[in-house]
Amino acid sequence: MVALDVRPHSASRSWLGVAVITASLFIFVTTELMPVGLLTPIGSSLNISVGIAGLMVTLYGISAGLGVPFIVAWTRRVNRRALLSALLAILALGNLITAVSPNYPLVLTARLVMGFANGVFWAIGVSMAMRLVPERHANRAAAIALSGISIATVVGIPLGTFLESLTSWRTTFLIWSGLSALVLLAVAAVIPSLPSENAVSVREVFALPVKNVQLRLVMFTVALYVLGHFGAYTFVRPFMEENSSATTAFITGLLIIYGVGGAAGNFIAGYTATKNLRGTFIGALAGLVASLLLLLTIGDSRVGSIVSLALWGVSFGAVNLCQINMTLAAAPDTFEAAMSINTLGYNTSLALGALFGGLFADHVGVTSAVWFGVALTAASLLVTVGMRRTTSRGVPDDAVGTVDRPVLQP
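Caption draft 1: Summary view of the overall build of the protein chain. Within the protein chain, the secondary structure is distributed over 16 helices and 0 strands. Here the C-alpha atoms of the protein chain give a radius of gyration of 20 Å, agreeing with the 22 Å that 2.2 N^0.38 yields for 410 residues. Counting only C-alpha atoms, the protein chain reaches 55 × 50 × 35 Å along its principal axes. Looking at the 410 residues of the protein chain, the share that counts as buried comes to 60%.

Caption draft 2: Geometry of the side chain of asparagine 320. Tracing the backbone through its elements, the reader meets asparagine 320 in helix H14 (residues 302-330). Of the polar contacts made by the side chain of asparagine 320, one reaches the side chain of tyrosine 225; its length is 2.9 Å. Look past the residues within four positions of asparagine 320 in its chain and what remains in contact with it is Tyr225 and Tyr346.

Caption draft 3: Region of interest: a nonpolar patch on the surface. On the surface, Ile151, Val155, Leu159, Phe162 and Leu166 cluster together into a nonpolar patch covering about 430 Å² of accessible area. Inspection of the secondary structure assignment puts isoleucine 151 in helix H7 (residues 138-166).

Caption draft 4: Inspection of the packing of helix H1 (residues 11-33) against helix H5 (residues 80-100) at higher detail. Packing of H1 against H5 brings their axes to within 11 Å, and their N-to-C directions diverge by 35°. For the pair H1 and H5, the crossing hand works out as left-handed. Packed against H1, whose contacting residues are Ile21, Ser24, Ile27, Phe28 and Thr31, the element H5 presents Leu84, Leu87, Leu88, Leu91 and Asn95 at the interface. Among the residues making up the contact of H1 with H5, the classes are represented as 7 nonpolar, 3 polar and no charged.

Caption draft 5: Broad picture of the nonpolar core. Formed by 117 residues in total, the largest nonpolar core has its most connected members in Ile21, Phe28, Tyr225, Tyr233 and Trp312. Per-element tally for this core: the top contributor is helix H6 (residues 104-131), with 14 residues. The residues touching tryptophan 312, leaving out its near neighbours within four places in the chain, are His229, Ala232, Tyr233, Val236, Tyr258, Leu288, Ser291, Leu292 and Leu295.

Caption draft 6: Quick peek at the packing of H1 against helix H8 (residues 169-190). For the pair H1 and H8, interaxial distance at closest approach is 10 Å and the crossing angle is 155°. In terms of their interaxial angle, H1 and H8 are classed as roughly antiparallel. As H1 runs across H8, the sense of the crossing is left-handed. Taking contact as the criterion, the partners of Arg13, Leu16, Gly17, Val20, Ala23, Ser24, Phe26, Ile27, Thr30 and Thr31 in H1 are, on H8, Trp176, Leu179, Ser180, Val183, Ala186, Val187, Ala189 and Val190. Looking at the contact of H1 with H8 residue by residue, the classes come out as 12 nonpolar, 5 polar and 1 charged.

Caption draft 7: Structural view of the environment of asparagine 325. Mapped onto the elements, asparagine 325 comes out in helix H14. By relative accessible area, which is 3% here, asparagine 325 ends up buried. Through-space distance from the C-alpha of asparagine 325 to that of valine 57 is 25 Å; in sequence the pair is 268 residues apart. Within the structure, the side chain of asparagine 325 is placed 3.0 Å from the backbone oxygen of leucine 321, a separation counted as a polar contact.

Caption draft 8: Representation of the packing of aromatic side chains in the model. If you walk through the whole model with that rule in mind, you get 16 aromatic pairs. For the ring pair phenylalanine 70 and phenylalanine 206, a centre distance of 5.4 Å and an interplane angle of 55° mean the geometry is tilted. In this pair, phenylalanine 70 sits in helix H4 (residues 55-74) while phenylalanine 206 sits in helix H9 (residues 202-211), placing the two residues 136 residues apart along the sequence. Phenylalanine 70 sits in the partly exposed class, given a relative accessible area of 31%. Taken together, a centroid distance of 6.4 Å and an interplanar angle of 75° make the contact between tyrosine 225 and phenylalanine 316 edge-to-face. Of this pair, tyrosine 225 sits in helix H10 (residues 213-233) while phenylalanine 316 sits in helix H14, and the two are 91 residues apart along the sequence.

Caption draft 9: Structural context of H10. Look at H10: 30 Å from first C-alpha to last across 21 residues, which is about the 30 Å you get at 1.5 Å a residue. With 18 of 21 residues buried, H10 lies mostly within the body of the structure. A distance of 3.1 Å separates the backbone nitrogen of glutamine 214 from a side-chain oxygen at the start of H10, and that oxygen is part of asparagine 212.

Caption draft 10: Quick peek at empty space enclosed by the protein. The full count for this structure, using the stated rule, is 2 cavities of 30 Å³ or more. Of the volumes computed, that of the largest cavity is approximately 370 Å³. Lining of the largest cavity is provided by 27 residues; of these, Trp122, Ile149, Phe316, Asn320 and Tyr346 occupy positions nearest its centre. Ranked by residues supplied to the lining of the largest cavity, first place goes to H14 with 7 residues. Tallied by class, residues from the lining of the largest cavity come to 14 nonpolar, 12 polar and 1 charged.

Caption draft 11: Structural view of helix H15 (residues 335-363). Between the first and last C-alpha of H15 there are 41 Å, a value that for 29 residues agrees with the 42 Å anticipated at 1.5 Å per step. The buried fraction of H15 is high, at 22 of 29 residues.

Parameters and conventions
Residues numbered from 1 in each chain as written. Predicted model: local features only at pLDDT ≥ 70, side-chain atom pairs only at ≥ 80, totals over all residues. Heavy atoms only, no water. Helix = DSSP H or I, 4+ residues; strand = E, 2+ residues; numbered from the N terminus. Rg over C-alpha atoms; globule rule 2.2 N^0.38 Å. Buried < 20%, exposed > 50% of the residue type's maximum accessible area, 1.4 Å probe, protein only. Polar contact = N/O pair within 3.5 Å; in protein donor to acceptor, adjacent residues only side chain to side chain. Contact = heavy atoms within 4.5 Å. Patch = residues over 30% accessible without salt bridge, like charges linked within 9 Å, V, L, I, M, F, W, Y side chains within 5 Å. Areas by Shrake-Rupley, 256 points an atom, 1.4 Å probe, with all protein chains shown as cover. Salt bridge = Lys/Arg side-chain N within 4 Å of Asp/Glu carboxyl O. Axes fitted to C-alpha atoms, helices over the stretch in contact; angles between N-to-C directions. Left-handed = near helix turned anticlockwise from the far one by under 90°. Nonpolar A, V, L, I, M, F, W, Y, C, P; charged D, E, K, R; others polar. Core = buried A, V, L, I, M, F, W, Y, C linked by side-chain atoms within 4.5 Å. Parallel < 35°, antiparallel > 145°, perpendicular 65-115°, else oblique. Phe/Tyr/Trp six-rings, centres within 6.5 Å; stacked < 30°, edge-to-face > 60°. Expected span 1.5 Å × (residues − 1). 1 Å grid on protein atoms, 1.4 Å probe; cavity = no way out; pocket = protein on both sides within 12 Å on 5 of 7 lines; lining within 4 Å. Points joined across faces, edges and corners; volume = space filled by probe spheres on them.

Shown next as structure tokens:
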């Protein structure tokens, strides 16, 4: 478990600090996924295809995944408040460069650098929130911080799409640059000094999944569903425009519905996972597969697309909460290092999913990107179901779901 200690500041400031961590996560998630709602106008403005525009997600994910074990290890003696401040400064500058960039290569360069900052935040953010409050409230603080994902999908990404419809995609990124700077000021004002704890060397980080069978199993299933999800989700806007002639306003509404579903899934899983984490994870994976199949079969109608995106959001919100809990269960004493590995696997899979989805979209059609999502999420489901045999031969069952440790709850 992450080392926790009682802080000398007030309870109100402690929870305000958790709120600031949540706001930080909101900024990082919206910056990472903002291009999803803006692929069409970005591609049109810069004279590139939607598949090429999707590289904004791909490169961001690659740097976030591949860089995090090294950067977290190299900064293992850096105060976490100072490190988070530096990450937000990079985000503010990167969004500003994206907004004013005259060409696509500079946009991709800015996204690549911001990706490194994103990966490091995912490795340290949750543990920071847990350290701000007394140990008995640590799990609740972590769950509140993770709600930033739901807030980003409910408010941030649809808001970015809406702002683009009123102004331009450049203005959207300019606004997010300003928001990043505001959160940076909040971190400086509210977050107390947090000396580094629980951090390990690069060698130890990469040795963790080699030695820890539980963590290795978790990351394999996570990699599969993340590949499938982002292979399809990155291209949801062009899919809807092509298959149902959806307007920008309707797509914005769909993204809001998806986000609300994500918040609901996070909330539901926070309680069902305490009783059966493995069962909740399997149910959420099944929901991902079903939602994508529904999108392919009835997504050409307004009602069908609403049902599909709502189920998709609920399932993805639930599966993400489960995989964080599974990581915590697999490596409770080296959580920051385990989250580094988690971030590496998750974001690399995100990047590859967007890349493969873009290749399918450009060469076969955007519908094929959704089929790619079906195949990979179904593979993750089948692997997870098949893991019961593996666990019965000696691997503790909490690697894939039945955990006797506290589960993060909203």
